[in-house]
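Coordinate inspection notes
Residues per chain, in single letters:
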Amino acid sequence: MALWAQMTPRLQYLPNQTLNELYPDTFPLDVRHYLASWIEEQRWETFDVDNMEQEPQARRLLDQMMHLLQEVAQLNPNVVERVKLQHISRNLSVFQQRPMQLVRTVRDILRKERHLLAQASMHPNFPPFQQIPQGPPAINGTPQPAREDGKTDVENLVVQVLEIQNLRQTLHQLQEDLNWEKQELESIQGQNELDPQHSDQVARQTRIQQLEYNYSVCAKKRVQLLHAALCALEQCQSCLILRIKSWRWEQHRATIGMHFDDNLGPLQTWCEQLLIVNGNLRQELMLVNRDHGGAEFHKLQESLAHLLQTLIQSSLVVDKQPPQVIKTQSKFSTTVRYLLGEKMAPGKPVLLKAQIITEAQARNLGQQGVVHNENVGELINSTAILEHNTSSKSTCATFRNMSIRRIKRADRKGSESVTEEKFALLFTTEITITGCESPYSIQAISLPVVVIVHGSQEINAMATIIWDCAFSEPNRIPFVVPDRVPWKQMCEALSSKFMSEVQTHRCLDRYNLHFLAQKIFDQPDISEDLSNMPVSWAQFNKEVLPGRNFTFWQWFEGVMDLTKKCLRDYWTDGLIFGFIGKQHLHVILQNKPSGTFLLRFSDSEIGGITIAYVGPAENGGRKIQNIQPFTKKDLDSAGLGDRIRDIICITHVYPDLPKDEVFKKFFTVPSPPNPDGYLPFKLTTVVNPGDQGSSTASIPPDTPMDIFGQPMSVYGRQEMFSPLPQSTPPYMPEQIPVQGPLFQSPMPQAPSSEEIDMEALEGILSSICQKD
């Protein structure tokens, strides 16, 4: 507890922003205060937060923390603090799915506290601290809601409402006592008309004056508490709505692999609590207005009504988003959830309707709250009923078999493609809440979607979605995105998307990212930092790479797809170097012995991985060879591990690990003999150094090599069936110019004419279906 004892007297000097950053909403200051000794006794620094094997240990710490907090709450004599601590303990359950995140949070808090104390020791007067050092900022960081203080805490709101209700009852009792005393005074005055100073009469008058004074004080306090409660409700609701927006933003960013907790339970509880508070305050305000009246109370009623409408209309969220690339005539599903579903008036079912809107209509929706009547697409199965699930306590409308039959395109400008045109699904309904007289019109809009008519458009459409999710700003005008972003933002987006798509914890390292920068900027020889160089949408997915027939995104997506389907374990184990330029390749292999190799992604072929290795040259030196890339089709017939085992000219994976040890777990066990007497066969990979497509200068023994300008040769390979060797023709080398690509790009680079044909074809098919 020594650390906390030093921090406590200094907290008052910290600005609110620093406190909010130091103790986040997920781990409030209260937890740090009440569990200070226990927290500092745990060995948080011994955890490896990336090691999932330590999750059980982290979960045990979480359970202990929640149990201790419950005990502290039970022993606290202050009812407000007790309720608050119980609420915090329940909120800690958000770490149940991610216990390592709790470890990371507590560890970072303790580190920051030590940093602050060290800073204080260097400044004897202890001025207010500057911003606490953080890790690298997130791209277009998620909007973080302000930490709730006592005035905005929902539990304190409940306590305030209870106090107002108690005052109302007190006022009622005072009024009854006052009426009784006045009645008794009138009776006494009738009996003692000749003696107005009668002691009993004077005592009654004194009691009446005291009751009237008490009544006046309680009435004023009641009005003051109503004003305070209304302000607190407004602040708390603003914080809630900001949380809902933050949840939607995190859902948006999840497309590129950013962390997203999709649990809406806490937000639903918050919404329901605020609805109850609003209803209680409206009831108290009506009673005050009945007793006193006046324009002041009318304004308060209007404010409460506006807060109620905002809460009801903000509680509709798209829980499960539709796919962001939708092909016409294909089924898809989506789920919309209403966070106040348990408060809906019983009776008539609530029908939710969906329609597709353009980007321009989405902008008008945000500005005016209405959508133009123009129909831009025909949706099938576009209605669903809001249904309550008692087990999950959620109220959802699930569109299970929705489909876009046709879509109307907007006029495109310049070279804009149909795969750059963004739409959205708009969900609307009318809801009546229990206790409210009139229904409310509510709506929710999905994330942007791109509508395609052919599978060949999918990769380019996904590029539009990736750019939108990675680089759009919070609270933007739909669906505005910058045309250029700094390369460092692109780095984080590419690495996050790669890890998410491949389902691996290994990210792209700085060597990988530097090569990607060299590739997208077409500067293969540059070695300086490119973090702040702007990269454009055109460089990302409109312009083909120099000397290629595909864009940067199409090439990068091909690598992700290959890794996800065939190479995940190799990548996760660190056996694939990945993205590396040929100059860098020469630098790290030039002094390695013959047989040393590494695995890199092909930069000339979509979805290919190649083996670069050091081999002997004719002059007795060494030279670097590149085997023709393996594609998914190749690896489906024989895995990468088996192919590496078969190639005898490679022996050690970079830097110097024997291949038979490193790749052993990937080798296929030989098949047993068939019971019918047939001999089993296998596909064997053979590399013939004599089949090289081009020669390269040798690396003389023990001679340093120029890292720029070293040509590279590509060796062909043969695949043979054993025991009957039936070889296939050698693969075409990488550097031999050919007519057209070795593997056709999954997305044509001149889409305009083909897309027009697709749209026309869609119309023809639709007319045929209608005739049938």
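The following refers to the structure shown. Being a predicted model, the structure only gives us computed values, none of them experimental.

Some thoughts on the overall build of the protein
Looking only at helices and strands, the protein features 22 helices and 21 strands. Within the protein, the proportion of its 772 residues that are buried is 46%. Restricting to contacts in the protein with at least 6 residues of sequence separation, those with at least 24 account for 70%. Counting only carbon and sulfur atoms, one obtains 52% of the accessible surface of the protein, whose full area is about 38,800 Å².

Focus: the side chain of S89
For S89, the position within the fold is in helix α6 (residues 79-91). Judged by its relative accessible area of 1%, S89 is buried. At 3.4 Å, the side chain of S89 forms a polar contact with the backbone oxygen of M66. A distance of 3.2 Å separates polar atoms of two side chains, one belonging to S89 and the other to Q70. Apart from residues no more than four positions distant in its own chain, S89 is found in contact with M66, L69 and Q70.

A closer look at the packing of helix α10 (residues 265-291) against helix α11 (residues 295-314)
Packed helix pairs are specified by the crossing angle of their axes together with the interaxial distance, meaning the distance between the axes. As a packed pair, α10 and α11 sit with axes 10 Å apart at the nearest point and diverge in direction by 160°. Considered as vectors, α10 and α11 are oriented roughly antiparallel to each other. Classified by chirality, the crossing of α11 by α10 is left-handed. Facing C271, L274, L275, N278, L281, R282, L285, M286, V288 and N289 of α10, the residues of α11 in contact are F297, L300, Q301, L304, L307, L308 and L311.

Examining the nonpolar core
Counting 76 residues, the largest nonpolar core has L274, L281, Y338 and F399 as its most contacted members. Per-element accounting of this core gives the leading share, 16 residues, to helix α9 (residues 199-253). Leaving out residues up to four positions away in the same chain, Y338 has contacts with I312, S315, L316, M344, L386, T395, I431, I433 and I442. Within the second largest apolar cluster, 69 residues are counted, among which are F515, L516, L545 and L635.

Brief notes about helix α18 (residues 582-589)
Considered for burial, the residues of α18 that qualify are L585, H586, I588 and L589. Buried positions along α18 lie against β14 (596-601), β15 (609-616) and β16 (622-627).

Reading guide: rules and limits
Residues numbered from 1 in each chain as written. Predicted model: local features only at pLDDT ≥ 70, side-chain atom pairs only at ≥ 80, totals over all residues. Heavy atoms only, no water. Helix = DSSP H or I, 4+ residues; strand = E, 2+ residues; numbered from the N terminus. Buried < 20%, exposed > 50% of the residue type's maximum accessible area, 1.4 Å probe, protein only. Contact = heavy atoms within 4.5 Å. Areas by Shrake-Rupley, 256 points an atom, 1.4 Å probe, with all protein chains shown as cover. Polar contact = N/O pair within 3.5 Å; in protein donor to acceptor, adjacent residues only side chain to side chain. Axes fitted to C-alpha atoms, helices over the stretch in contact; angles between N-to-C directions. Parallel < 35°, antiparallel > 145°, perpendicular 65-115°, else oblique. Left-handed = near helix turned anticlockwise from the far one by under 90°. Core = buried A, V, L, I, M, F, W, Y, C linked by side-chain atoms within 4.5 Å.

Nothing here speaks to function; it is geometry throughout.
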